[in-house]
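Each chain, written out:
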Amino acid sequence: AQLDLPAGISISGEDVTLLEELGEGGFGKVHAGTWRHTTLFSTRVAVKELKQSVLSEQAKKEFIAEVIVHSHLDSPYIVKLFGVTFKQSYCMVMELMDNGSLDSYLRKNNYPQVTWEFRIQLAHDIAAGLDHLHTQPHPIIHCDLKSLNVLLDKDFRAKLADFGLATVKNETVSKMQSTSQLSG
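Here the structure is a predicted model, which means the values were calculated and not measured. All residue numbers here refer to positions counted from 1 along the written sequence of the relevant chain. Given that this is a predicted model, residues contribute local features only at a pLDDT of at least 70 and side-chain atom pairs are listed and counted only at 80 or more, while totals for whole chains, interfaces and linings are drawn from all residues. In computing side-chain values, all of the structure's heavy atoms are included and hydrogens and water are not.

Draft legend 1. View of the packing of aromatic side chains. In summary, the pairing rule links any two rings of Phe, Tyr or Trp, Trp by its six-membered ring, whose centres are within 6.5 Å, and it sorts them by plane angle into stacked for under 30 degrees, edge-to-face for over 60 and tilted for everything else. Counted under the stated rule, the structure contains four aromatic pairs. With 6.4 Å between their ring centres and 80° between their planes, Phe118 and Phe156 make a pair best called edge-to-face. With a gap of 38 residues between them, Phe118 in helix 3 (residues 116–134) and Phe156 in the loop between strand 6 (150–152) and strand 7 (158–160) connect regions that are remote in the sequence. Through successive ring pairs, a cluster of aromatic residues spans Tyr105, Phe118 and Phe156. Numbering of helices and strands starts at the N terminus; helices are DSSP runs of H or I of at least 4 residues and strands are runs of E of at least 2.

So, in structure tokens, the structure goes:
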């Protein structure tokens, strides 16, 4: 799978190494990994691998558009997209969020023990991320804001993820449903 992408967005598959699986959703799997972006430096990253290895022409166009938009978002409240690779399938190479999702954090910690200071910080970070998306030249509406899509960095600051690729997600779900109907 190869797409025409602007310079700087495409990452060579040889420069990305997949490590442990971090999670799985309707779109595919997320792995921790490393990205060797220079001969001397590697960065730990998250690699989101789409389940669907073959996309329709329309989904490919929207994938490219979403990747381009996401790669230009520069905010401390949005998970950074470094680029994409086609090592095995469509993969997005993103900032690794050390403390996982807000959902997993709340499940691990007793909810009443979450301090008000932390709750207010979360509300601020989420609101700032939404504000950044909404005030783009072409406003972006998240459409899937939930604790699974709020990720926490090493300092427990919240960043938004998974706000794009609506057509790719819909196509993946519909193909999975039609496959399960055929096999069931």
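Draft legend 2. Spotlight on the sheet that holds strand 2 (residues 28–36). DSSP bridges decide pairing: two strands pair if at least two such bridges lie between them. A sheet is described by the order of its strands in space; here five strands give the open sequence 1-2-3-5-4, paired in antiparallel fashion. The open sheet is flanked by strand 1 (16–24) and strand 4 (81–85), the only strands paired with a single partner. Between one strand axis and the next, the sheet turns by 30° as a mean value, whatever way the strands run. In what follows, a contact means two residues having at least one pair of non-hydrogen atoms within 4.5 Å. Angles shown run from 0 to 180 degrees and are taken between the N-to-C directions of axes, each axis being a line fitted to C-alpha atoms and, for helices, limited to the stretch in contact. The sheet strands contacting helix 1 (residues 57–71) are strand 3 (42–50), strand 4 and strand 5 (91–95), and the helix crosses strand 4 at an angle near 155°.

Draft legend 3. Broad picture of unusual backbone geometry. The backbone of Cys143 shows a phi angle near 70°, a positive value even though the residue is not glycine. Relative to the helices and strands, Cys143 resides in the loop between helix 3 and strand 6. We call a residue buried when its accessible area falls under 20% of the maximum for its residue type, exposed when it is over 50%, and partly exposed in between, using a 1.4 Å probe and counting protein chains only. Exposure remark for Cys143: the relative accessible area of 71% places this residue in the exposed category. Phi at Phe156 takes a positive value of approximately 60°, unusual for a residue other than glycine.

Draft legend 4. Structural detail: the layout of surface pockets. Taken as a whole, the largest pocket holds about 800 Å³ of empty space. Any residue with an atom within 4 Å of a point lines the site, the site being either a cavity, points on a 1 Å grid over the protein atoms alone where a 1.4 Å probe fits but cannot get out, or a pocket, an open set with protein on both sides within 12 Å along at least 5 of 7 lines. Lining the largest pocket are 30 residues, with Phe27, Val30, Leu148, Leu151 and Asp162 positioned closest to its centre. Counting residues per element, the ones that place at least two in the lining of the largest pocket are strand 1, strand 3, strand 5, helix 2 (102–108) and helix 4 (166–183). The residue makeup of the lining of the largest pocket, split by class, is 13 nonpolar, eight polar and nine charged. Grid points are joined across faces, edges and corners, and a volume is the space filled by probe spheres set on the points. In this classification, Asp, Glu, Lys and Arg are treated as charged, Ala, Val, Leu, Ile, Met, Phe, Trp, Tyr, Cys and Pro as nonpolar, and every other residue, Gly included, as polar.

Draft legend 5. Focus on the pairing of strand 3. Sheet analysis places strand 2 next to strand 3, joined by nine bridges and oriented antiparallel. Paired with Val30 across the two strands is Lys48, which belongs to strand 3. Linking strand 2 back to strand 3 in an antiparallel pair, the connection comprises five residues. Taken together, the five bridges between strand 3 and strand 5 define a ladder with antiparallel strand orientation. Counterpart to Val47 in the pairing with strand 5 is Val93.

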